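The primary structure of each chain is shown beneath.
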Amino acid sequence: MWAVIDIGSNTIRLVIYTIDNGHPRPMLNKKYAVGLAAYIDKANCIKQEGINILLDVLADINTILRYIHPECVLPFGTAALRNSANGDEIVSLIKERCGMAVRILSGEEEAVFDYYGAMLEGIGDDGLLVDVGGGSTELTLFKDRKIISALSIPLGSLILYRTHVDGILPTQKEAHKIKKTINDYLDKLADNELMHNNTIYCVGGTARAALKIMRDRYLPSGREEDNSYTRSQLKGMLDNIEKNRKQLMHNILCLSPDRIHTLIPGLLAFYTVAKHYDSNKLVTISLGVREGYLMHHLGERGNTRE
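Residues numbered from 1 in each chain as written. Predicted model: local features only at pLDDT ≥ 70, side-chain atom pairs only at ≥ 80, totals over all residues. Heavy atoms only, no water.

Caption draft 1: Summary view of the overall build of the protein chain. Helix and strand counts for the protein chain stand at 11 helices and 11 strands. For the protein chain, the C-alpha radius of gyration of 19 Å lies close to 19 Å, the compact-globule estimate for 306 residues. Once the C-alpha set of the protein chain is aligned to its principal axes, its extents read approximately 50 × 45 × 40 Å. Once local pairs closer than 6 in sequence are excluded, the contacts in the protein chain between residues at least 24 apart make up 69%. Accessible surface, the protein chain: about 13,600 Å² in total, of which carbon and sulfur atoms supply 48%. Of the charged side chains in the protein chain, 36 are positive and 37 negative, and the gap between their average positions amounts to 5 Å. (Helix = DSSP H or I, 4+ residues; strand = E, 2+ residues; numbered from the N terminus. Rg over C-alpha atoms; globule rule 2.2 N^0.38 Å. Contact = heavy atoms within 4.5 Å. Areas by Shrake-Rupley, 256 points an atom, 1.4 Å probe, with all protein chains shown as cover. Lys, Arg positive; Asp, Glu negative; His and termini not counted. Charge placed at Lys NZ, Arg CZ, Asp CG, Glu CD.)

Right, dumping it as structure tokens:
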């Protein structure tokens, strides 16, 4: 068994995997809703309160691991640690207090591992992979099953919420500001770095939560194979935030309560990216950076067939 610890901006996850014919099979998946990105101070450092919460979560994970005895533990951090001025100090503290050697992924590495994970599930030969996290959004363009460009922008659902939203759900005016902020970043990308794609593959926790909401609203069959929706369907829901605010809050609380404040900013991010690249279809992929990172690590060790 192999343990992957994903220290993100919104959540921290422990996933225990076995490897079956070269594919990771999750045996345990435990999520901690921490919101590290909410503890960033004016000096761009994670506050002591946030550090203490992080250490407490990792101590709890260590307790679990003592009973499981995985062959290897692979902890990594993404935007929260990557973008904080004291990220390296926190990594050293984690090593001292918890005995874990955390690797902070660059934005490009996160985008690449997203693609490696998505490949395991089966995606088309060409497309654009999008991961809207809590503190960043990764964009991976691939063609003929090869990565053409792997980019990261420092905007995620939690960052967008903290920056633009005063209440729980954004108003139409706040939603407009969120979309404009994302578009301004996308406009800065070189024209040849990304191209228009009819299909966007969505990965990560925000993408999975978004699919739950879209299934509830537009895919009433509830079938597991219904993993896609159109940009126009997404626009229809987002255009009616004000009108359906109470019902929408009820839906989110029932389906993804820990994302009550970040899901709509995340959906706005997916919509804005889809519109920017003229993509009409959004397909949700359940595998992503954790599985990609695990298989990359096992590939280096020659253990992908265990």
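Having seen the model, we can carry on.
Caption draft 2: Region of the structure containing the packing of aromatic side chains. Here the structure, examined in full by the defined rule, presents five aromatic pairs. The interplanar angle of 40° and the centroid separation of 5.0 Å between the aromatic rings of Y115 and F142 together place this pair among those described as tilted. Here F142 lies in strand β7 (residues 137-143) and Y115 lies in helix α4 (residues 107-121), a separation of 27 residues in the sequence. By relative accessible area, which is 2% here, Y115 ends up buried. Relative to Y201, the ring of F142 lies with its centre 6.0 Å away and its plane at 40°, an arrangement referred to as tilted. Taken together, the positions of F142 in strand β7 and Y201 in strand β9 (residues 199-203) put the pair 59 residues apart, joining distant regions of the chain. Like F142, the residue Y201 is buried in the burial classification. An aromatic cluster of three or more residues is present, and its members are F76, F113, Y116 and Y293. Seen from the ring of Y32, K30 lies directly overhead, with NZ or CZ sitting 5.1 Å from the centre. (Phe/Tyr/Trp six-rings, centres within 6.5 Å; stacked < 30°, edge-to-face > 60°. Buried < 20%, exposed > 50% of the residue type's maximum accessible area, 1.4 Å probe, protein only. Lys NZ or Arg CZ within 6 Å of the ring centre and 35° of its normal.)

Caption draft 3: Structural view of the packing of helix α8 (residues 231-238) against helix α10 (residues 263-276). The contact between α8 and α10 brings their axes to 10 Å, and the two run at 140°. Accordingly, the angle class assigned to the pair α8 and α10 is oblique. Of the two possible hands of crossing, α8 and α10 adopt the one that is left-handed. Across the interface between the two elements, R231, L234, K235, M237 and L238 of α8 pack against I264, L267, L268, F270, Y271, A274 and K275 of α10. Here the residues of the contact of α8 with α10 are counted per class, giving nine nonpolar, no polar and three charged. (Axes fitted to C-alpha atoms, helices over the stretch in contact; angles between N-to-C directions. Parallel < 35°, antiparallel > 145°, perpendicular 65-115°, else oblique. Left-handed = near helix turned anticlockwise from the far one by under 90°. Nonpolar A, V, L, I, M, F, W, Y, C, P; charged D, E, K, R; others polar.)

Caption draft 4: Seen up close, helix α6 (residues 172-188). Between its first and last C-alpha, α6 extends 25 Å over 17 residues, near the 24 Å set by a 1.5 Å rise per residue. Within α6, the full set of buried residues consists of E174, A175, I178, T181, I182 and L186. Seen end-on, α6 carries its buried residues on one side only, within an arc spanning 135°. Exposed positions of α6 whose direction lies more than 90 degrees from the buried face are K173, H176, D187 and K188. On the buried face of α6, the contacting elements are β7, β8 (146-153), α5 (157-164) and α10. (Expected span 1.5 Å × (residues − 1). Arc of directions from axis to C-beta.)

Caption draft 5: Molecular detail of the nonpolar core. Counting 44 residues, the largest nonpolar core has L234, M237, L238 and I264 as the members making the most contacts within it. It is α10 that contributes the most residues to this core, nine residues altogether. Among residues more than four places away in sequence, those in contact with L238 are Q172, I264, L267, L268 and Y271. Listed in part, the 28 residues of the second largest apolar core include A3, I5, I46 and A80. (Core = buried A, V, L, I, M, F, W, Y, C linked by side-chain atoms within 4.5 Å.)

Caption draft 6: Inspection of the sheet that holds β7 at higher detail. As summarised here, the arrangement of the six strands in space is β8-β7-β6-β9-β11-β10, forming an open sheet in which the pairing is mixed. Two strands close off the open sheet at either side, each with one partner strand: β8 and β10 (228-230). If you compare each strand with its neighbour and ignore which way they point, the axes differ by 20° on average. By the bridge criterion, four bridges tie β9 to strand β11 (residues 281-284) in an arrangement that is parallel. By the bridge assignment, C202 is partnered in β11 with T284. Sitting on the sheet, α4 is in contact with β6 (127-132), β7, β8, β9 and β11, with an inclination near 55° to β7. (Pairing = 2+ DSSP bridges.)

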